[in-house]
There are 2 protein chains.
Amino acid sequence: MSHNVEELQLKAAQLNRQTHELGIPVMVLFEGIPASGKTRLSNELLLHLDAKYTQFISTKSPQAHDLRYQFLQKYWNSLPQKGDINIYFRSWYSHYLDYKENEIKHDKYKSYDVLVNQINDFETMLKKDNFEIIKFFIEINEEKRQEHIQQTKNNPLMKWKVQEYENVIPQETYLNNMRYFIKKDKDWKVIDYTERHQAFEKMYLHIIKRLEKAIEKVENENNNVDGMFTTDFTTSLFDIDLPKVHKKTYKDKIIELQQRMREIQFALYETKIPLVLVFEGMDAAGKGGNIKRIREKLDPTGYEVNGISAPTDVEKNHHYLWRFAKKMPKTGHIEIFDRSWYGRVLVERVEGFANKDEWRSAYEEINQFEKMWTDEGTIVLKFFLCLDKDEQLKRFNDREKNPDKQWKITDEDWRNRKKWGQYLEASHDMIKNTNTSHAPWYIIPANHKKTGRIEVLKTIIRKCEAVLWGVKDY
Amino acid sequence: MSHNVEELQLKAAQLNRQTHELGIPVMVLFEGIPASGKTRLSNELLLHLDAKYTQFISTKSPQAHDLRYQFLQKYWNSLPQKGDINIYFRSWYSHYLDYKENEIKHDKYKSYDVLVNQINDFETMLKKDNFEIIKFFIEINEEKRQEHIQQTKNNPLMKWKVQEYENVIPQETYLNNMRYFIKKDKDWKVIDYTERHQAFEKMYLHIIKRLEKAIEKVENENNNVDGMFTTDFTTSLFDIDLPKVHKKTYKDKIIELQQRMREIQFALYETKIPLVLVFEGMDAAGKGGNIKRIREKLDPTGYEVNGISAPTDVEKNHHYLWRFAKKMPKTGHIEIFDRSWYGRVLVERVEGFANKDEWRSAYEEINQFEKMWTDEGTIVLKFFLCLDKDEQLKRFNDREKNPDKQWKITDEDWRNRKKWGQYLEASHDMIKNTNTSHAPWYIIPANHKKTGRIEVLKTIIRKCEAVLWGVKDY
């Protein structure tokens, strides 16, 4: 190897130590037909970065296990944390072509363009969060490529590997599709591997350029944490009234709905439809009580409740949607979120944990995020339990008096109460900006607990019946 | 439900808040034949604990994906963290019977007793770490059971579930085996579900008793952090000499070995044998350089390097082996650990992060832990790179002078150097206590880097050749 490449290796490693310290997550994608030199180039890079924060991820054809999850699930799960670098040997682009060309889950998508949109949204939201995504497409002349293949074939211990070259996607199809992507997206860097030495140089030069740019960008970042609140905010959004459910009818009604909910669970399981239920609302609005009524008769092997607290340090080190993406349900399962990704535009906005830019772009990101699951038929229903300020005070006081409920009330609840107006405005904006047709919000008056619970259960059942059997609300 | 059971529910929830605060991990196992009432009992418990720290885990027959991993892998991965509670609907006992009765991986084990030993070792090491393991076996009279089944069959939306009752293990076999376990192990609590109300009461009473005991135990814990070091410790264990490899021959030799290593990787992949390589040694002994030489020609899709740093707060909240268990290789893959679980008896002993009881019991735990993988044919090879004190000083100084290596040397390295004698003794004891036939240690003199690297590669190749093709060392 020439002196020049050695220098470039050192320079890239040095910059990578900087991106590590600055907490910049880096993703390097390698695409190209089999035996084009992808392995050698990606390996070259891998060997010259610090193994402590470098991960090599190879995209293979999805197995039965993978197919129970969302298209991008495995890429969400393995996102690099702040300062780490992931090298993708084949990426979500190959993954997409595998889906499209082999008609995987073809009954789920109107068209495979849905997945192209998901990829765009995924990359856009990562870039927004300072992810540096570097994309290489490796080319080679055919003669040279055949040489590579022959080398492998000649080794009795390795010749079975040649089967990999008879790929899951026909080569011409792969190339045509990739050329289309490369033409559309200036971010791709095409490297010809025919001249190995030049290819190494080009790869390093491009990486160096991109890491330098990423470092510069982060160093000039604007960190305005303005929550942009209105003084004396008022809204009529939450002024919803429901006829009170009487104590006498409640008991029978709730049992009837819970039985139906159990049947719905079985029907979802049988038809492999996942269900996501999101609960947000003021403190003491009764999220836990509502969730308890929903799950009371469910088969516990088919659902999970995720109580969302402040992120751990590992979670803080990741994209804010990462910890939720990992929890999204597989086919036929139910995930219930007691608080959720909406923390980004609620507590994070109010407390300044997310800057102005971050919480404002979160609305669209969240809409896109939810769509990744609804695109595949997941039912996503979101409930906002609203309470008035007096009723909250009453419940807080009740909790403090009852020894079995004291643990439920903390100083933080009282602190949040002082910011009632800000939470109200943040909740209002959240609903206005994320009430989509694919993942709608339901505002549930929660001053009267029993009424709210009946309403939530009814809504879930009605929506699931509509999906399962086309039952309409007349 | 009678007043009595409600009181018990509250009491159990209250105690569970205490175990949560004390950081006690709890595992509650439910075994029993289908339709015996397991679901209702486990669900009853689930509904009365705090969803924030309760997980419901259901054991199903292993799928292709699971079979690529170790027998207990999924239980390792999902271990409750400190203060959390896992409810197991069918547990590793059902899992074991599934393996045994369906002859899963029968070519891997001498006998299925191997798995019984693994279960014992697993439970023993968890209990040692203050895990409270509560085991229920649910019985019911046959008439009542048939009633349960009929109820499900009568509902058109749920009748498909009845297929689950035609279980993977014949009922009589299941019962006979479980009765054997229950007889042997006093920890099992048998509950007759024929009288539902009594069953609930019994369950809660037993849980209350056990949680109270667990709390008492933790409150009286002895936290002696003595590292038990000898003054002026000396050992001849590391006085090994190897003929120096000359610079001239090194280059050819290393390339030859790396080519062979690549072939070995392919052969391991094809025969589905996993390989684990562990590297320990003094700071600056050259672990990274050694690992780099091993991986240089490997296919990066088939191996991973795990650089082990101080645990994250999530990792600290788990059993100390958890973060490593999650990283163990699937079939045909290679995992390289740059530092490892041996931190427990090295840095944790020296720095007092583990108490005397903990690091002393770790030797046996680690032996058992490694055996869980070698039982299934995983090759585990452990390398200790030893350096003398003068050579370390020389390397530290070199690193400080070289701008491209400065990042490699930290204050911590200098601090550790001051405890040279303690690290030496800890390393000595580690090798003496964990040099097993299933997972041997290789002491590699590392004063001369090139010689050490050749020796490591040769050892790996020789050991793998022995497993793959019975090649012996003559």
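What counts as what
Residues numbered from 1 in each chain as written. Chains lettered and ligands numbered in written order. Predicted model: local features only at pLDDT ≥ 70, side-chain atom pairs only at ≥ 80, totals over all residues. Heavy atoms only, no water. Phe/Tyr/Trp six-rings, centres within 6.5 Å; stacked < 30°, edge-to-face > 60°. Lys NZ or Arg CZ within 6 Å of the ring centre and 35° of its normal. Domains from an automatic or database assignment. Contact = heavy atoms within 4.5 Å. Buried area = accessible area lost by both parts, 1.4 Å probe. Salt bridge = Lys/Arg side-chain N within 4 Å of Asp/Glu carboxyl O. Polar contact = N/O pair within 3.5 Å; in protein donor to acceptor, adjacent residues only side chain to side chain. Helix = DSSP H or I, 4+ residues; strand = E, 2+ residues; numbered from the N terminus. Nonpolar A, V, L, I, M, F, W, Y, C, P; charged D, E, K, R; others polar.

1. Some words on the packing of aromatic side chains
All names here are of chain A. One pass over the structure, following the stated rule, counts 58 aromatic pairs over all chains. An angle of 35° between the planes, with centres 6.3 Å apart, marks the rings of Trp-341 and Tyr-342 as tilted. The ring of Tyr-320 carries Arg-344 above its face, with NZ or CZ at 3.9 Å from the centroid. In this structure, Lys-450 packs its charged tip against the face of Tyr-250, placed 5.3 Å from the ring centre.

2. So, the domain arrangement of chain A
Residues and elements named next belong to chain A. Taken domain by domain, chain A comprises domain 1 (1-217) and domain 2 (245-467). Look at where the C-alpha atoms of domain 1 and domain 2 centre, and you get two points 37 Å apart. Contacts between the two partners involve 25 residues from domain 1, matched on the other side by 24 residues from domain 2. Interface area, domain 1 with domain 2, both sides summed: about 2300 Å², of which 51% is carbon and sulfur. Its largest share of buried area at the contact with domain 2, domain 1 owes to Arg-68, Trp-76 and Met-125, together 30% of the area lost on that side. Between the two partners, domain 1 and domain 2, sit two salt bridges. Of the charged contacts, one joins Glu-376 and Lys-105 as a salt bridge, the two residues approaching to 2.8 Å between their closest N and O atoms. Taken together, domain 1 and domain 2 are joined by 14 residue pairs in polar contact (both at pLDDT 80 or more). Of all the secondary-structure elements, those providing two or more residues to the side of domain 1 that touches domain 2 are helix 4 (73-77) and helix 6 (113-128). Residue contributions to the side of domain 1 that touches domain 2 peak at seven residues, all from helix 6. Each residue belonging to the side of domain 1 that touches domain 2 can be placed in one class, and the counts come to 13 nonpolar, five polar and seven charged.

3. Re the interface of chain B and chain A
In this assembly, 46 residues from chain B lie in contact with 47 residues from chain A. Regarding the contact of chain B and chain A, the summed buried area is about 4500 Å², with carbon and sulfur atoms giving 61% of it. The largest contributions to the chain B side of the interface with chain A come from B:Leu47, B:Leu157 and B:Trp160, which together make up 14% of the buried area. Inspection of the chain B/chain A interface yields zero salt bridges. Here chain B is connected to chain A by four residue pairs in polar contact (both at pLDDT 80 or more). Where the side of chain B that touches chain A is concerned, the elements lending two or more residues are helix 1 (3-22), helix 2 (38-47), strand 2 (54-58), helix 10 (247-271), helix 11 (287-295), strand 7 (303-307) and helix 12 (313-316) of chain B. Take the side of chain B that touches chain A: its biggest share by element is seven residues, from helix 10 of chain B. For the side of chain B that touches chain A, a count of residues per class yields 20 nonpolar, eleven polar and 15 charged.

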